[in-house]
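# Architecture at a glance
Residues per chain are reported as follows:
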Amino acid sequence: MGARVLVVEDAEAIRAAVLTGLAEAGFDATGRPDGRTLEDDLDGYRPDLVVLDVMLPGRDGFALLEVVRRTSDAGVVMLTARDGVDDRLRGLHAGADDYVVKPFALAELTARVTAVLRRMGRTPSTVEIGDLVVDAAAGSVRRGGRPVEVTATELRLLEYLAAQRGRVVSKTQILTRIWGYTDYDPNLVEVHVSALRRKLGEPRLLHTVRGLGYVLRTDAP
């Protein structure tokens, strides 16, 4: 599994959606409705990053941020419905690594989490599948030692598929992860997958699983 992410969010629907999005992006994610067990989680689960909602029952996100900074070296991304600059500055000055305002797209939150972990050196930027090497930090793709020219969107798509290597992902999952919502024309996914498949060449690594979606693997599904 990937880096460990602890999500502290009291709204069950939001917490479940965030956990699903992080898991689909390859993270080992677990959630809590409040901060009552934060100290135990920091000691036992040892997260690489904590996603903290500001408005929580009991100790709020700012109080929990102090606990994280006092007892752990985990990264912190704060969530809040408040869009005031003062709240954001308070969190950042107290040691938060990033701040995401609700409502947010899962793709944005996952990208922010990934960026913080990458800056901290907690998640590898390079993924290898057979003779394919994807280096998201460098923005480069190589196949058989030769560079493959891809667009920014194709790179994000390939990075996501690489994180899910061996697992089938649906068009809806791809739309949510790459474009941030699901009401785009599914043909958009097909166009980008086809272009990426053509650029990667043979033997084929990007496979279509009829009726289910796509999978990146070294052998046919």
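Further up the page is the structure itself.
As a starting point, this report considers the structure included with it. All values derive from a computational prediction rather than experimental measurement.

Turning next to the side chain of Thr110. Within the secondary structure layout, Thr110 lies in helix H5 (residues 106–120). When residues no more than four places from it in sequence are discounted, the contact partners of Thr110 are Gly21, Leu22, Ala25, Phe27 and Arg177.

With parallel pairing, five strands are arranged side by side in an open sheet as S2-S1-S3-S4-S5. The open sheet has two edge strands with one neighbour each: strand S2 (28–32) and strand S5 (98–101). Adjacent strand axes in the sheet meet at a mean angle of 20 degrees, parallel and antiparallel pairs treated alike. Pairing geometry for strand S1 (residues 4–8) and strand S3 (residues 49–53), over four bridges, is parallel. Bridging across to S3, Val8 finds its partner in Leu52. Packed onto the sheet, helix H1 (residues 12–24) meets S1 and S2 and runs at close to 170 degrees relative to S2.

This part takes up unusual backbone geometry. Looking along the chain, the bond that leaves Lys102 and enters Pro103 is cis, with omega of -5 degrees. Within the secondary structure, Pro103 sits in the loop between S5 and H5. That bond from Glu202 to Pro203 is cis: its omega, -5 degrees, falls within 30 degrees of zero. Tracing the sequence through the fold places Pro203 in the loop between helix H8 (187–200) and strand S10 (206–209). One non-glycine residue, Arg46, lies in the positive phi region at around 50 degrees. Here Arg46 is to be found in the loop between helix H2 (38–44) and S3. Here Arg46 falls in the exposed class, since its relative accessible area comes to 53%.

Hydrogen bonds along the backbone pair up the strands of a sheet, which may run parallel or antiparallel. Spatially, four strands are ordered S6-S7-S8-S9 in an open sheet, and the strand pairing comes out antiparallel. In the strand order of this sheet, the two ends are held by strand S6 (126–129) and strand S9 (146–147), each with one partner. Inspection of the sheet shows strand S8 (residues 140–143) paired to S9 by two bridges, in the antiparallel sense. For Arg142, the partnering residue across the bridge sits in S9 and is Pro147.

It is worth spelling out the nonpolar core at this point. Ranked by size, the top nonpolar core spans 27 residues in total, and within it Leu132, Val141, Leu158, Ile174 and Leu216 carry the most contacts. Mapped onto this core, the elements with two or more residues apiece are S6, strand S7 (132–135), helix H6 (152–163), helix H7 (171–179), H8 and strand S11 (213–216). For this core, the leading source of residues is H6, giving six residues. The residues touching Leu158, leaving out its near neighbours within four places in the chain, are Leu132, Val134, Val141, Leu196, Leu200 and Leu216. Core analysis: the second largest hydrophobic core is formed by 19 residues, Val8, Val54, Phe62 and Met78 among them.

With that settled, consider the packing of H7 against H8. In contact at an axis separation of 10 Å, H7 and H8 are set at 80 degrees when each is read in the N-to-C sense. Classified by the angle their axes make, H7 and H8 are roughly perpendicular. Facing Lys171, Ile174, Leu175 and Trp179 of H7, the residues of H8 in contact are Leu188, Val189, Glu190 and His192. Taken together, the residues of the contact of H7 with H8 sort by class into five nonpolar, one polar and two charged.

Here is what the cut-offs are and how they apply
Residues numbered from 1 in each chain as written. Predicted model: local features only at pLDDT ≥ 70, side-chain atom pairs only at ≥ 80, totals over all residues. Heavy atoms only, no water. Helix = DSSP H or I, 4+ residues; strand = E, 2+ residues; numbered from the N terminus. Contact = heavy atoms within 4.5 Å. Pairing = 2+ DSSP bridges. Axes fitted to C-alpha atoms, helices over the stretch in contact; angles between N-to-C directions. Buried < 20%, exposed > 50% of the residue type's maximum accessible area, 1.4 Å probe, protein only. Core = buried A, V, L, I, M, F, W, Y, C linked by side-chain atoms within 4.5 Å. Parallel < 35°, antiparallel > 145°, perpendicular 65-115°, else oblique. Nonpolar A, V, L, I, M, F, W, Y, C, P; charged D, E, K, R; others polar.

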